[in-house]
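Structural characterization, general
As a plain string of letters, each chain reads:
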Amino acid sequence: IWSLANCEMPKLRCEGGEYGAEIVLMSPWHEENELHVGMPKNMENIVLKNAVKRNGEYYCIPNDNAGIFGSAIGSGRTLKEAINKALDAAKEIDVFQKDFKENVFEEAQATVENGRRFGIHI
């Protein structure tokens, strides 16, 4: 923050690896209801949206966001490692009517491959 405030570009380090992955978490129940979120012991790979903590438990308040209550994230030295960490976190979280696309990364890879046919390289 100090560097940016002084018009200097900070030197960033990726401690968890240079790859990252995110899975959007949703629950149809959460579209209109407060949602209890049973968090895993290791919470570093879970990001909640509109969350409150009451008596040691996490809840997400409805947010007019089509049931989306957070994300499972992962980082790693390889893309596969980052994806696996995100998938593991998504599977661990305990939520009523939890929904996420387990094959989201395969779909993304197919889109990347289709883009290459048109000269788009990522």
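Let me begin by describing the structure that accompanies this report. (Residues numbered from 1 in each chain as written. Predicted model: local features only at pLDDT ≥ 70, side-chain atom pairs only at ≥ 80, totals over all residues. Heavy atoms only, no water.)

Describing the environment of Glu18
Checked against the element boundaries, Glu18 lands in the loop between α1 (2-5) and β1 (19-26). Glu18 gets classed as exposed once you look at its relative accessible area, which sits at 66%. Separated by 82 residues in sequence, Glu18 and Phe100 have C-alpha atoms that sit 24 Å apart. (Helix = DSSP H or I, 4+ residues; strand = E, 2+ residues; numbered from the N terminus. Buried < 20%, exposed > 50% of the residue type's maximum accessible area, 1.4 Å probe, protein only.)

Overview of unusual backbone geometry
The backbone phi angle of Cys7 is positive, close to 60°, even though this residue is not glycine. Assignment of secondary structure puts Cys7 in the loop between α1 and β1. The phi torsion at Gln97 lies on the positive side, around 55°, for a residue other than glycine. Relative to the helices and strands, Gln97 resides in the loop between β7 (94-95) and α3 (104-117). Given the relative accessible area of 39%, Gln97 is considered partly exposed.

Overview of the sheet that holds β1
Within a sheet, each strand pairs with its neighbour through backbone hydrogen bonds, oriented either parallel or antiparallel. Read from one edge to the other, the open sheet built from three strands follows the order β1-β6-β3, with strand pairing classed as antiparallel. In the strand order of this sheet, the two ends are held by β1 and β3 (46-48), each with one partner. Averaged over all adjacent pairs, the angle separating strand axes in this sheet is 25°, with direction ignored. For β3 and strand β6 (residues 68-76), the ladder comprises three bridges, and the chain directions are antiparallel. For Val47, the partnering residue across the bridge sits in β6 and is Ser71. (Pairing = 2+ DSSP bridges. Axes fitted to C-alpha atoms, helices over the stretch in contact; angles between N-to-C directions.)

A short note on the layout of surface pockets
Roughly 300 Å³ of volume is contained in the largest pocket. Counting only elements with at least two residues in the lining of the largest pocket, the list comes to α2 (79-92) and α3. Looking at side-chain class alone, the lining of the largest pocket contains five nonpolar, two polar and three charged residues. Taken as a whole, the second largest pocket holds about 230 Å³ of empty space. In this structure, the second largest pocket is lined by Asn42, Glu44, Asn45, Ile73, Gly74, Ser75, Lys85, Asp88, Ala89 and Glu92. Elements represented by at least two residues in the lining of the second largest pocket include exactly β6 and α2. For the lining of the second largest pocket, the element with the highest residue contribution is α2, accounting for four residues. (1 Å grid on protein atoms, 1.4 Å probe; cavity = no way out; pocket = protein on both sides within 12 Å on 5 of 7 lines; lining within 4 Å. Points joined across faces, edges and corners; volume = space filled by probe spheres on them. Nonpolar A, V, L, I, M, F, W, Y, C, P; charged D, E, K, R; others polar.)

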